Amino acid sequence: QVQLSESGGGLVQAGDSLRLSCAASVRTFSAYAMGWFRQAPGKEREFVAATDWSGGSTYYANSMKGRFIISRDNYKKMVYLQMNSLNPEDTAVYYCAADSRYSTYTGVNEPAYWGRGTQVTVSS
């Protein structure tokens, strides 16, 4: 079983930056494509970003392009989400996800594993 644990959330002001981290407890981290999702109050969960096993290929939701950057460190078994130019609309619980298929994030499949989330609140 893959265990995921997010951290780095908090309260920031509009225009600030924040980096989220996700630690994976798994034997072979590089076997998994990783992604980030978020869910705001009263809204459905939405896709944010994803990366393939190496971090060489990335995929972003259109609203995140140019502001958010996903990266991974296979040695540390960590995946990160650098968030820049934050605005109140980015306020949500951010979830880390893992799946053996990168196509999960570019298609209709749901990730096989989920973290429990970390809260990001952006004040105006």
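Located above this text is the structure these notes cover.
No experiment lies behind these values; they were computed from the predicted model shown. (Residues numbered from 1 in each chain as written. Predicted model: local features only at pLDDT ≥ 70, side-chain atom pairs only at ≥ 80, totals over all residues. Heavy atoms only, no water.)

(A) Quick look at the overall build of the protein chain. The secondary structure content of the protein chain amounts to zero helices and 11 strands. The secondary structure elements of the protein chain, listed N-terminal to C-terminal, are β-β-β-β-β-β-β-β-β-β-β. By residue count, 44% of the 124 residues in the protein chain fall in the buried class. Contacts in the protein chain between residues at least 24 apart in sequence constitute 57% of all its contacts with a sequence separation of at least 6. Only carbon and sulfur atoms are counted for the fraction: they give 45% of the accessible area of the protein chain, which is about 6,600 Å². Here the protein chain contributes 12 positive and 10 negative side-chain charges, whose respective centroids are spaced 6 Å apart. (Helix = DSSP H or I, 4+ residues; strand = E, 2+ residues; numbered from the N terminus. Buried < 20%, exposed > 50% of the residue type's maximum accessible area, 1.4 Å probe, protein only. Contact = heavy atoms within 4.5 Å. Areas by Shrake-Rupley, 256 points an atom, 1.4 Å probe, with all protein chains shown as cover. Lys, Arg positive; Asp, Glu negative; His and termini not counted. Charge placed at Lys NZ, Arg CZ, Asp CG, Glu CD.)

(B) Just the side chain of threonine 51, in detail. With respect to the secondary-structure elements, threonine 51 resides in strand 5 (residues 46-51). By relative accessible area, which is 0% here, threonine 51 ends up buried. For threonine 51, the side chain forms a polar contact with the main-chain oxygen of serine 57, separated by 3.3 Å. Aside from chain neighbours lying at most four places away, what touches threonine 51 is Ala33, Met34, Ser57, Thr58, Ile70, Arg72, Val79 and Tyr102. (Polar contact = N/O pair within 3.5 Å; in protein donor to acceptor, adjacent residues only side chain to side chain.)

(C) Structural context of unusual backbone geometry. Positioned with a positive phi, lysine 77 is a non-glycine residue whose angle comes to about 60 degrees. By relative accessible area, lysine 77 is classed as partly exposed at 26%. Even without a glycine there, the phi angle at serine 85 is positive, about 50 degrees. Tracing the sequence through the fold places serine 85 in the loop between strand 8 (78-83) and strand 9 (92-99). For serine 85, a relative accessible area of 45% translates into the label partly exposed.

(D) Highlighting the nonpolar core. Counting residues in hydrophobic clusters, the biggest one holds 36 residues, and the most contacted among them are Met34, Trp36, Leu81, Met83 and Tyr94. Put simply, the parts of the chain that give this core at least two residues each are strand 3 (18-25), strand 4 (33-39), strand 5, strand 7 (68-73), strand 8, strand 9 and strand 11 (118-123). Residue contributions to this core peak at five residues, all from strand 9. (Core = buried A, V, L, I, M, F, W, Y, C linked by side-chain atoms within 4.5 Å.)

(E) Geometry of the side chain of threonine 104. With respect to the helices, strands and loops of the structure, threonine 104 is situated in the loop between strand 9 and strand 10 (113-114). Leaving out residues up to four positions away in the same chain, threonine 104 has contacts with Asp99, Asn109, Glu110 and Pro111.

(F) Focus on the sheet that holds strand 7. Reading across the sheet, the four strands line up as 1-3-8-7 and stay open at both edges, with antiparallel pairing between neighbours. Edge positions in the sheet fall to strand 1 (3-7) and strand 7, since each of these pairs with one other strand and no more. Within this sheet the neighbouring strands show an average axis-to-axis angle of 15 degrees, counted without direction. Bridge count for strand 1 against strand 3 is five bridges, and the pairing is antiparallel. Considered in strand 3, the bridge of serine 5 is made with alanine 23. (Pairing = 2+ DSSP bridges. Axes fitted to C-alpha atoms, helices over the stretch in contact; angles between N-to-C directions.)

(G) Quick look at the pattern of salt bridges. Overall, the coordinates contain five salt bridges when judged by the stated rule. Residues arginine 38 and aspartate 90 are paired through a salt bridge, measuring 2.9 Å at the closest nitrogen-oxygen approach. Of this pair, arginine 38 sits in strand 4 while aspartate 90 sits in the loop between strand 8 and strand 9, and the two are 52 residues apart along the sequence. Residue aspartate 90 is classed as buried on the basis of its relative accessible area, which comes to 1%. (Salt bridge = Lys/Arg side-chain N within 4 Å of Asp/Glu carboxyl O.)

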